[in-house]
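Topology and contacts: notes
Residues per chain are reported as follows:
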Amino acid sequence: MKNLFSVLRSDQVADDLIQVIETIVDASKEIAFRVRQGALAGVLGSTQDENIQGETQKHLDIISNQLLKDLLLACPAVAAIASEEEDTVVAGTSTGKYLVAFDPLDGSSNIDINGQIGTIFSIYRSQDLIPHGSELQFQQTGSQQVCAGYVLYGPSTLLAITTGKGTRCFTLDSTQGIFLLTADLIQLAPQTQEFAINTSNARFWSEDMRAYIDDLVLGETGPRQKRFNMRWNAAMVGDVHRVLTRSGIFLYPSDSRNPKQPAKLRLLYEANPMALLIENAGGKAWSESQRILDIQPQQLHERVAVILGSADEVDECLSYLRR
Ligand code: AHG
Ligand code: MN
Ligand code: MN
Ligand code: MN
């Protein structure tokens, strides 16, 4: 089986970018170890603190953030980082060529129940004309990502990654501490009978979004004339991994709960990296009215609606929203 770094080298990924990926992978192996140890490593439970977005931070949110932050800031190729758990951008090496945005621990509500959790990351080139360490460095569209991926801490530890040439999955061989290629050049089927959405928010969605989901639930008795199955992990990494593995559609629509915050998932370190992984696997990733990778970010922690997965099903959903 090929290992991660031999695949990256055969794709002619630049050495300094490989260095950044290696750093993220090293941090994720340390996180994976602590996740496996669970209560024994003191990683469960909440802290008294909140992040800038008003979410209570779990111990593992903080531990994972610190591990990634320390290793990335020590990597000479990294110019700056942005994290869900950091208020603002943190500057790294001034000559570093790359920016890393990350969700250190996705699926925080699953930590204490031994459920699926993960780390999501996105890498950009730093921009010469913008001051080092400035937030403006991160105002690039998702289509400018040079690499995106996630590490899923499930029954096995998996890395899904793209550097532009397809999307691949590697499984951590914990006896050797290396990631081995286990799914090469993944291709999503255009059609699907599986959807993932938190339906408890239905009353806050637009009428058109409700109509789309209602028709999925009607199955063979409704206008879609086929049966759909629903799955929800409450961790985007787990839900997107299911879509990458067996196709499907994942949705976190905008809603009217909080007018100042019409969506839940963050563009820079949740929507964009997942969108690149899905598109490079032949899928589609939209944010209701535009392609996610075309969105011009305005703020570090901005949130967007997410509809991604099997291309024909995403189109079907968008056709309801355009009615
Ligand atoms: P995070 O744990 O990084 O804050 O992200 C949580 C996100 C995402 O993982 C998931 O899709 C969604 O929140 C789950 O939301 P619900 O609470 O609505 O299930
Ligand atoms: Mn969070
Ligand atoms: Mn998250
Ligand atoms: Mn998180």
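Residues numbered from 1 in each chain as written. Chains lettered and ligands numbered in written order. Predicted model: local features only at pLDDT ≥ 70, side-chain atom pairs only at ≥ 80, totals over all residues.

Selection rule: UniProt positions are given in the numbering used here, feature names are shortened, and annotations may be inferred rather than shown by experiment.
Per an unreviewed UniProt entry, the protein chain is named Fructose-1,6-bisphosphatase class 1, and its organism is Cellvibrio mixtus. Within the UniProt record for the protein chain, the comment given under Catalytic activity (unreviewed entry) is "beta-D-fructose 1,6-bisphosphate + H2O = beta-D-fructose 6-phosphate + phosphate". Listed in UniProt under the heading Pathway (unreviewed entry), the comment for the protein chain reads: "Carbohydrate biosynthesis; Calvin cycle."

1. As for the UniProt feature "domain: Fructose-1-6-bisphosphatase class 1 C-terminal" (unreviewed entry) in the protein chain
Selection rule: Only runs of H or I of at least four residues qualify as helices and only runs of E of at least two qualify as strands under DSSP, and these elements are numbered from the N terminus.
Within the UniProt annotation, "domain: Fructose-1-6-bisphosphatase class 1 C-terminal" (unreviewed entry) is assigned to residues 189–321. What you have in residues 189–321 is 35% helix and 15% strand, and the ends, taken at the C-alpha atoms, are 22 Å apart.

2. Concerning unusual backbone geometry
Convention followed: Once C-beta atoms are placed from the backbone, each residue is buried if 20 or more other C-beta atoms lie within 10 Å of its own, exposed if 12 or fewer, and partly exposed for counts between those two.
The backbone phi angle of Ser247 is positive, close to 65°, even though this residue is not glycine. Owing to 23 C-beta atoms within 10 Å, Ser247 belongs among the buried residues under this scheme.

3. Quick notes on the site of ligand 1
The condition is simple: Only the C-beta atom matters for nearness: placed from the backbone, it must lie within 6 Å of the molecule or strand for the residue to count as near. Residues are grouped as follows: Ala, Val, Leu, Ile, Met, Phe, Trp, Tyr, Cys and Pro are nonpolar; Asp, Glu, Lys and Arg are charged; every other residue, Gly included, is polar. Start and end positions for the domains come from either an automated domain assignment or a database one.
Taken together, 13 residues sit near ligand 1, with Asp106, Ser108, Asn198, Ala234 and Met236 positioned nearest. Here the residues of the shell around ligand 1 sort into 4 nonpolar, 4 polar and 5 charged. Of the residues that make up the shell around ligand 1, three or more belong to each of domain 1 (4–183) and domain 2 (194–321).

4. Quick word on the packing of helix α2 (residues 15–37) against helix α3 (residues 59–73)
Note the following rule: Helix axes are fitted to C-alpha atoms over the stretch in contact, other axes to C-alpha atoms as well, and angles between N-to-C directions run from 0 to 180 degrees. Angle categories are assigned with fixed cut-offs, so that under 35 degrees is roughly parallel, over 145 is roughly antiparallel, 65 to 115 is roughly perpendicular, and the rest are oblique. With the far helix as reference, a near helix turned anticlockwise by less than a right angle produces a left-handed crossing, and one turned clockwise produces a right-handed crossing. Placing C-beta atoms from the backbone, we regard two residues as in contact once those atoms come within 7 Å.
One can describe the packing of α2 onto α3 by two numbers: an axis separation of 9 Å at closest approach and a directional angle of 150°. In terms of orientation, α2 and α3 fall into the roughly antiparallel class. For the pair α2 and α3, the sense of crossing is right-handed. Of α3, the residues touching α2 (which contributes Thr23, Ile24, Asp26, Ala27, Glu30, Ile31 and Arg34) are Ile63, Ser64, Leu67, Leu68, Leu71 and Leu72.

5. Details of the sheet that holds strand β9 (residues 168–173)
Stated formally: We treat two strands as partners when DSSP finds at least two bridges between them.
Read across the open sheet, the 8 strands follow the order β4-β3-β5-β6-β7-β8-β9-β10; overall the sheet is mixed. Two strands bound the open sheet, and with one partner strand each, they are β4 (90–91) and β10 (178–183). In terms of strand pairing, strand β8 (residues 157–162) meets β9 through 4 bridges, oriented antiparallel. Note that in β9 the partner of Ala160 across the bridge is Cys169. Against the sheet, α2 makes contact with β3 (78–83), β5 (98–106), β6 (117–125), β7 (147–153), β8, β9 and β10, and its axis sits at roughly 15° relative to β7, the strand it touches most.

6. Considering the domain arrangement of the protein chain
When the parts of a complex come together, some accessible area is lost, and that lost area is often taken as the interface size. Domain annotation for the protein chain reports domain 1 (4–183) and domain 2 (194–321). Put simply, the middle of domain 1 and the middle of domain 2, counted by C-alpha atoms, are 23 Å apart. Counting residues at the interface gives 36 residues for domain 1, matched by 27 residues for domain 2. Those elements that place two or more of their residues in the side of domain 1 that touches domain 2 are β5, β6, β7 and β8. Residue contributions to the side of domain 1 that touches domain 2 peak at 5 residues, all from β6.

7. Some details on the sheet that holds strand β11 (residues 194–196)
Spatially, β12-β11-β13-β17-β15 is the arrangement adopted by the 5 strands of the open sheet, whose pairing is mixed. Every interior strand has two partners, whereas the edge strands, β12 (229–230) and β15 (284–286), have only one. Pairing of β11 with strand β13 (residues 249–252), which is carried by 2 bridges, proceeds in the parallel orientation. Opposite Ala196, over in β13, you have Phe250 as the bridge partner. Those strands touched by helix α5 (residues 236–246) are β11, β13 and β17 (306–309), and its axis lies near 155° from that of β13.

8. Topic: α5
Most of α5 is tucked away, with 8 of its 11 residues classed as buried. Of the positions making up α5, those classed as buried are Met236, Val237, Gly238, Asp239, Val240, His241, Val243 and Leu244. Positioned one or two residues after α5, Ser247 has a phi angle of 65°, which is positive.

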